[in-house]
Each structure stands twice: as C-alpha cells, then as structure tokens.
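Here's the letter readout for the chains.
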Amino acid sequence: MNGGARAEVVVDLDAIAANTAALRERVGRPLMAVVKADGYGHGLVPAARAALAGGADALGVAVLEEALALRAAGVPAPLLAWLHTPGTDYAAALTADVEVSVNAEWALAEVVAAARATGRTAAVHLFADTGLSREGATEAEWPGLVAAAARAQADGDVAVVGLWSHMAYADAPTHPTIGAQVRAFEEAVALARAAGLREARLHLANSAATVALPDTWYDMVRPGIAVYGLDPLGGDPAAHGLRPAMTVRARAALTKRVPAGVGVSYGHTYFPERETTLLLVPVGYADGVPRAAGNRAPVLAAGVHRTIAGRVCMDQFVLDVGDAEVHAGDEVVLWGPGDGGEPTAQDWADAVDTIHYELVTRIGGRFTRRYVGSAGAV
Ligand SMILES: Cc1ncc(COP(=O)(O)O)c(C=O)c1O
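Residues numbered from 1 in each chain as written. Predicted model: local features only at pLDDT ≥ 70, side-chain atom pairs only at ≥ 80, totals over all residues. Heavy atoms only, no water.

### Examining the site of the ligand
Logical step 1: Around the ligand, the structure places 14 residues, and the nearest of them are K36, Y40, S207, G224 and Y357.
Logical step 2: Within the backbone of G224, one N or O atom sits 2.8 Å away from an oxygen atom of the ligand.
Logical step 3: In the environment of the ligand, an oxygen atom lies 2.9 Å from a nitrogen or oxygen atom belonging to the backbone of I225.
Logical step 4: Counting atoms within 2 Å of the grid points, the majority share of the ligand lands in the largest pocket.
Logical step 5: Its residues assigned to classes, the shell around the ligand comprises seven nonpolar, four polar and three charged. (Near = heavy atom within 4 Å. Polar contact = N/O pair within 3.5 Å; in protein donor to acceptor, adjacent residues only side chain to side chain. 1 Å grid on protein atoms, 1.4 Å probe; cavity = no way out; pocket = protein on both sides within 12 Å on 5 of 7 lines; lining within 4 Å. Sits in = over half its atoms within 2 Å of the grid points. Nonpolar A, V, L, I, M, F, W, Y, C, P; charged D, E, K, R; others polar.)

This is the structure:
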C-alpha cells in the first residue's frame, strides 16, 4: 500500500485502457465508453481519459453535470448525456458541445428552445423504449417523437445523430426478451428512417451485449462495466480479455488476542470457537463497505480469505485471523483483480447478494483513491 494510507482504492488506468482496446477490437466498430457515476467509482476524468487512450470513440454519461465536468477538465471527445428532467439547462449542453438524449416530445421542445436561444444545432439521440420500460418513448409515443424530430431537423434546430435503446436482459444471452427488443428496435428505426431521420447512427449494446450478442452491435457499442474489467455475465473477466481495474485495501488498525466465545462487533453475531487473534479493519459502511457483508464477504488477510467477523460498522469491521502472525499496519485486501489471491468484486457480489456494479460505484467515503499506470494521464 502507498505510504501510510489507511485505506485506498487503487485504480489501474492501464487496465481501463486495455479493456477498452480489447472490447473495441472485438466489435470492430465505434465504442462509447460509459463513465457515469464517477467512472463507475473509478474517477470520472481519469477513467474517461484512460478509456480514450484505449481507443474509445465517444463517452457516455447519465446526467448533464457529469458531461460538463468532463468538459471543464478539458476532455474534448464526443459526449452523450442521457438522463434529463424538465428545465434541464440544454443551452449549457449545446454550448459545451454535449449530445443529448431525448425521450419525449416535451423534452425535444426544450432542446429546440435551447438551440434557438444559443444559435446552435443540438445533436440529439432519440431513445426508443423497446422493452425495458425505463427511459425512452413507448411504441405509441415514438411516431410522434420522430415526426417532431424530423421537423426540428428540417428547421435546423436539431441534428438527429442517434437512434438508441437499452436492453433488459443482455446478461442472460438466450433470454427471449433479447430477440423481442431487437425486433422492436428495428421497427422503431424503420419508422424513424421513414420519417426522414436517415443519418442517425444506431446503438443498443451495453457490456453484456458487447461481449455476448453481436446482433446488437449496430453502429456503435456502449459498454460500461466491462471497460472497468468486470464480467457483465458474472463469470471470469479474463474469458473476455478483461482485467478488473479496481483494488480495495486497508491497513489493520489494531490486532488483539481474545479468548474463545467473545462476542464480536455490534449485536454479537460472531463468536470465535477458540482463542484467536482479531484484526480491526478501519473501513465501514460509511465508506461503501456494505453492511450486508457482515459474516458473509471474504477479505484477504495474512494470505488467506477470511469472512468478515460479525457486523460491519460505520467506520470499521473485524476479521478473525486465528493464529496468523499479524500486526497493526498489515495490509488486507477486500477485492481486486484476483490474481494476487485476493477476492474479486464478483466474489463480494455473490457473498452479499448484489452485483459488482453496486460495489464499485458505492465504494468511496474516506478511502483515498490512487491511480497506477499511465494511460490517459496528463
Ligand atoms: C443507457 C445505458 N447504456 C449503457 C450502459 C452501460 O451498461 P453496462 O455497464 O452494463 O455496460 C448503461 C448503464 O447502466 C446505461 O444506462
């Protein structure tokens, strides 16, 4: 671990770049790296720069603030922001050359107003809801949206540069919704083309579809989690040429010898069966270590995976390390790429009954973030 760091999240920029390159190579077409949610917990700007260094053609974020933060940091790449509420400052988006997604005619009207106010043409991606029932225009709303967008395009207020959708079940590559969503997407595209939106590029594939469903690749893929080296299908990322970019570790704050049968941590949900050494790890749920990890998740300490002993507290948790020779200051690893014997984010996800996405995006709090590798570093 670095110097005297108490707890750190180490992000391997070269892994992000190499993962991006591997995915880009696999699909052989443009790739939008998704860097929302602070680069899935890896750092918005460094993750974006590393993905671009690895060959990403564009960046995707959820909200406009994320896009503007990238621009403020001097990231010039094509950039799409897709989650907006009424009253969003589309003028700021247009001024910063940020492409925006549109779900509905009322949102298109706001974008058109911003285009007129700024004298710029808005680059928009029209979002079709093909079965996720989340963002996007429904089948009933789509004809009205594409007709309005075609008018706005003819007026020079918008350029429809994308037609897109998002998948519900790409992580289950044989699920029947996949074919249904592809058919719905192609019907939506045909309607848009018939309305005159001929230039727009098509994109549908998230990470799971990028690794598993070539029929969904269209003109561009849009992976997020795979860029950070985690397997969207829940298996071994190496099978897709990916390497996890995040390692989470901490130094022991204290060790102590205790007799058999002591109650450990709040609520005494753990009792060592024999005299043992307890090791105190100075990170807790306020730092993004799930409280549900108590008595469930594995941590590498003194060369062995140890299940967290008792409840995770706000700032700390305890490990039972038996008779291992350990000392305050020794390093423990919560998760990492796995090749140093440490658990992976997938191991934690399995133990805690969540997904690695949630773990990496929530880890933070008082961890220090440190970057290794040089991809995209300025
Ligand atoms: C619209 C959209 N596209 C792409 C992604 C990337 O998904 P994944 O991280 O599964 O690749 C997301 C993330 O949730 C998303 O919301």
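From this point, things continue past the structure.
### As for the nonpolar core
Logical step 1: Counting 123 residues, the largest nonpolar core has L126, W142, F317, L319, L334, W335 and W348 as the members making the most contacts within it.
Logical step 2: In terms of residue count, the dominant contributor to this core is helix α7 (residues 142-154) (seven residues).
Logical step 3: Split by domain, the residues of this core number at least three in each of domain 1 (58-219) and domain 2 (246-372).
Logical step 4: In this structure, F317 is in contact with L279, L280, V281, V283, V289, V299, I308, R311, V312 and L334, ignoring residues within four places of it in sequence.
Logical step 5: V258, V264, L278 and A309 belong to the second largest nonpolar core, which has five residues in total. (Core = buried A, V, L, I, M, F, W, Y, C linked by side-chain atoms within 4.5 Å. Buried < 20%, exposed > 50% of the residue type's maximum accessible area, 1.4 Å probe, protein only. Helix = DSSP H or I, 4+ residues; strand = E, 2+ residues; numbered from the N terminus. Domains from an automatic or database assignment. Contact = heavy atoms within 4.5 Å.)

### Some details on the layout of surface pockets
Logical step 1: Estimated volume of the largest pocket: approximately 660 Å³.
Logical step 2: Along the walls of the largest pocket sit 34 residues, with K36, Y40, H166, N206 and Y357 positioned nearest its centre.
Logical step 3: At the level of elements, α2 (36-41), α9 (207-212), α10 (345-352) and α11 (356-362) are the ones that each hand at least two residues to the lining of the largest pocket.
Logical step 4: Estimated volume of the second largest pocket: approximately 160 Å³.
Logical step 5: A128, D129, T130, A137, T138, E139, W142, A184, E187, A188 and L191 are the residues that line the second largest pocket. (Points joined across faces, edges and corners; volume = space filled by probe spheres on them.)

### With respect to the UniProt feature "active site" (unreviewed entry) in the protein chain
Logical step 1: UniProt marks K36 and Y266 with the feature "active site" (unreviewed entry), using the numbering shown here. For the annotated residues, spread through 231 residues, the largest C-alpha to C-alpha distance comes to 35.2 Å, inconsistent with a single compact locus. From this annotated list, the subset lining the largest pocket comprises K36.
Logical step 2: When its relative accessible area of 27% is taken as the criterion, K36 is described as partly exposed.
Logical step 3: Residues contacting K36, with those up to four places away along its chain left out, are G60, V61, A62, E66 and W82.
Logical step 4: Those residues in contact with Y266 that sit more than four places away from it in its chain are R311 and C313. (UniProt positions renumbered as here; feature names shortened; annotations may be inferred.)

### Quick word on helix α6 (residues 105-118)
Logical step 1: Look at α6: 20 Å from first C-alpha to last across 14 residues, which is about the 20 Å you get at 1.5 Å a residue.
Logical step 2: Every buried residue belonging to α6 is among A107, L108, V111, V112, A114 and A115, and all of these are buried. Seen from one end, α6 has its buried residues packed into an arc of 160 degrees, which puts them on one side. Pointing more than 90 degrees away from the buried face of α6 are the exposed residues R116 and A117.
Logical step 3: The inward-facing, buried residues of α6 contact α5 (90-95), β5 (99-102), β6 (122-127), α7 and β7 (158-164).
Logical step 4: Positive backbone phi, approximately 70 degrees, marks G119, located one or two places after α6. (Expected span 1.5 Å × (residues − 1). Arc of directions from axis to C-beta.)

### Notes on a negative patch on the surface
Logical step 1: Taken together, the side chains of E139, E186, E187 and D215 present a region of like negative charge at the surface.
Logical step 2: Mapped onto the elements of the fold, E187 is located in helix α8 (residues 176-194). (Patch = residues over 30% accessible without salt bridge, like charges linked within 9 Å, V, L, I, M, F, W, Y side chains within 5 Å. Areas by Shrake-Rupley, 256 points an atom, 1.4 Å probe, with all protein chains shown as cover. Salt bridge = Lys/Arg side-chain N within 4 Å of Asp/Glu carboxyl O. Lys, Arg positive; Asp, Glu negative; His and termini not counted. Charge placed at Lys NZ, Arg CZ, Asp CG, Glu CD.)

### Quick notes on the side chain of D231
Logical step 1: Note that D231 resides in the loop between β9 (220-221) and β10 (246-251).
Logical step 2: An unpaired buried charge is present at D231: no salt bridge exists, and R26, the closest side chain of opposite charge, is 10 Å distant.
Logical step 3: A distance of 3.4 Å separates a polar side-chain atom of D231 from the backbone nitrogen of D236.
Logical step 4: Once residues lying within four places of it in the same chain are set aside, the contact partners of D231 are D236, P237, H240, Q346 and H356.

### Some details on the pattern of salt bridges
Logical step 1: Scanning the entire structure with this criterion turns up 14 salt bridges.
Logical step 2: Between E358 and R362 there is a salt bridge, and its shortest N-O distance comes to 2.8 Å. One end of the pair, E358, and the other, R362, are both in helix α11, four residues apart, so they sit about a helical turn from each other.
Logical step 3: The partly exposed category is assigned to E358, whose relative accessible area is 34%.
Logical step 4: Accessibility expressed as a relative area gives 55% for R362, which makes it exposed.
Logical step 5: Sharing partners across several salt bridges, the network here consists of E8, R249, E331 and R370.

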